[in-house]
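Report on the structure
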Amino acid sequence: MNPIKHVAIIMDGNGRWGIKNKGTRNLGHRAGLNTLESIIKETLNQKIKYLTLYTFSTENWKRPKKEISFLFTLLENFLQKKINSLVKNKIRLNIIGNKKKFSAQLQKLLSDSEKKTNKNKKLQINLALNYGSKEEILNTLRIIIKKKHKITEKNITENLYTKNIPNPDLLIRTGNTHRLSNFLLWQIAYTEIFFEKKLWPDFKDKDYRKILNKFRLLKRNFGAI
Ligand code: IPE
Ligand code: IPE
Ligand code: MG
């Protein structure tokens, strides 16, 4: 059976769920938080060490201002409300993505949340915020050039936002869409990908466990036989 160290998730389908069930996209984002909580709990139960969540992409700035500000308000409230529970459950929070675009207040909330949890070892949650794989790779190359180091696979891996994090074993995308949307392109070279029909707010523990169990039985070759 394949061990699972790292699960990455593209939490897609909130907007469609909201329109269908509540009349607005934003209420879909709110409903998505319940799924987020139950998936975090199940990840702890499963003793998985890393969970990377695509929360806001570098392309999501193209959305209407109202939706963007709703998303960031949800994020701020979530962090403020849940920080104690993260500490209690020994969860470490780590942000991947370019934080420079955020307000000083949000940057502080993010770095305080990271600091408060940085000793925790049970589960590391990597929140991908203003994350884009192409931006990450460009940023990485700039760092390597500035240090006057060689462009090697190892140096790239060690300067990404995901440095010190093993590559995802599996990637799940909910919302019945079959694309990567600029997520972890370098890191998922050998990741097993699962596309899930259900929209994120409809995705349950049971669906998650089904995918994890399917993954455990796969034969992974990494180019060998
Ligand atoms: C994903 O759900 C969540 C974010 C991008 C923040 P969407 O908002 O993309 O939902 P759909 O895909 O439009 O239904
Ligand atoms: C990917 O979903 C980003 C997040 C889930 C945060 P999108 O809904 O933004 O992806 P596209 O635009 O449909 O490819
Ligand atoms: Mg979407």
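Since we're looking at a predicted model, the values are computed, not measured. (Residues numbered from 1 in each chain as written. Chains lettered and ligands numbered in written order. Predicted model: local features only at pLDDT ≥ 70, side-chain atom pairs only at ≥ 80, totals over all residues. Heavy atoms only, no water.)

This next bit is on the packing of aromatic side chains. Scanning the entire structure with this criterion turns up 12 aromatic pairs. For the pair Tyr 131 and Tyr 161, a centre-to-centre distance of 6.4 Å together with 65° between the ring planes defines the contact as edge-to-face. With a gap of 30 residues between them, Tyr 131 in strand 4 (residues 123–131) and Tyr 161 in the loop between helix 6 (153–157) and strand 5 (170–173) connect regions that are remote in the sequence. Look at Tyr 131 and you get buried, because its relative accessible area is 0%. Relative to Phe 183, the ring of Tyr 131 lies with its centre 5.9 Å away and its plane at 90°, an arrangement referred to as edge-to-face. Taken together, the residues Tyr 131 in strand 4 and Phe 183 in the loop between strand 5 and strand 6 (192–195) connect sequence positions 52 residues apart. (Phe/Tyr/Trp six-rings, centres within 6.5 Å; stacked < 30°, edge-to-face > 60°. Helix = DSSP H or I, 4+ residues; strand = E, 2+ residues; numbered from the N terminus. Buried < 20%, exposed > 50% of the residue type's maximum accessible area, 1.4 Å probe, protein only.)

Where helix 2 (residues 25–45) contacts helix 7 (residues 205–216), the two axes come as close as 10 Å, and the packing angle between them is 45°. For the element pair helix 2 / helix 7, the angle class is oblique. By crossing handedness, the relation of helix 2 to helix 7 is classed as right-handed. Judged by residue contacts, Ser 38, Ile 39, Glu 42 and Thr 43 of helix 2 engage Asp 205, Tyr 208 and Arg 209 from helix 7. Its residues assigned to classes, the contact of helix 2 with helix 7 comprises two nonpolar, two polar and three charged. (Axes fitted to C-alpha atoms, helices over the stretch in contact; angles between N-to-C directions. Parallel < 35°, antiparallel > 145°, perpendicular 65-115°, else oblique. Left-handed = near helix turned anticlockwise from the far one by under 90°. Contact = heavy atoms within 4.5 Å. Nonpolar A, V, L, I, M, F, W, Y, C, P; charged D, E, K, R; others polar.)

Here we take up empty space enclosed by the protein. For the structure shown, the criterion picks out two cavities of 30 Å³ or more. By volume, the largest cavity is sized at about 60 Å³. Surrounding the largest cavity, Leu 36, Ile 40, Leu 53, Phe 78, Leu 79, Leu 86, Leu 93, Ile 125 and Leu 127 form its lining. For the lining of the largest cavity, the secondary-structure elements that each account for two or more residues are helix 2, helix 3 (65–88) and strand 4. No other element matches helix 3, which puts three residues into the lining of the largest cavity. Considered class by class, the residues forming the lining of the largest cavity number nine nonpolar, no polar and no charged. Of the volumes computed, that of the second largest cavity is approximately 30 Å³. For the second largest cavity, the full set of lining residues is His 6, Thr 162, Ile 165, Pro 166, Asn 167, Pro 168, Leu 184 and Gln 187. (1 Å grid on protein atoms, 1.4 Å probe; cavity = no way out; pocket = protein on both sides within 12 Å on 5 of 7 lines; lining within 4 Å. Points joined across faces, edges and corners; volume = space filled by probe spheres on them.)

These values are about where atoms sit, not about what they do.
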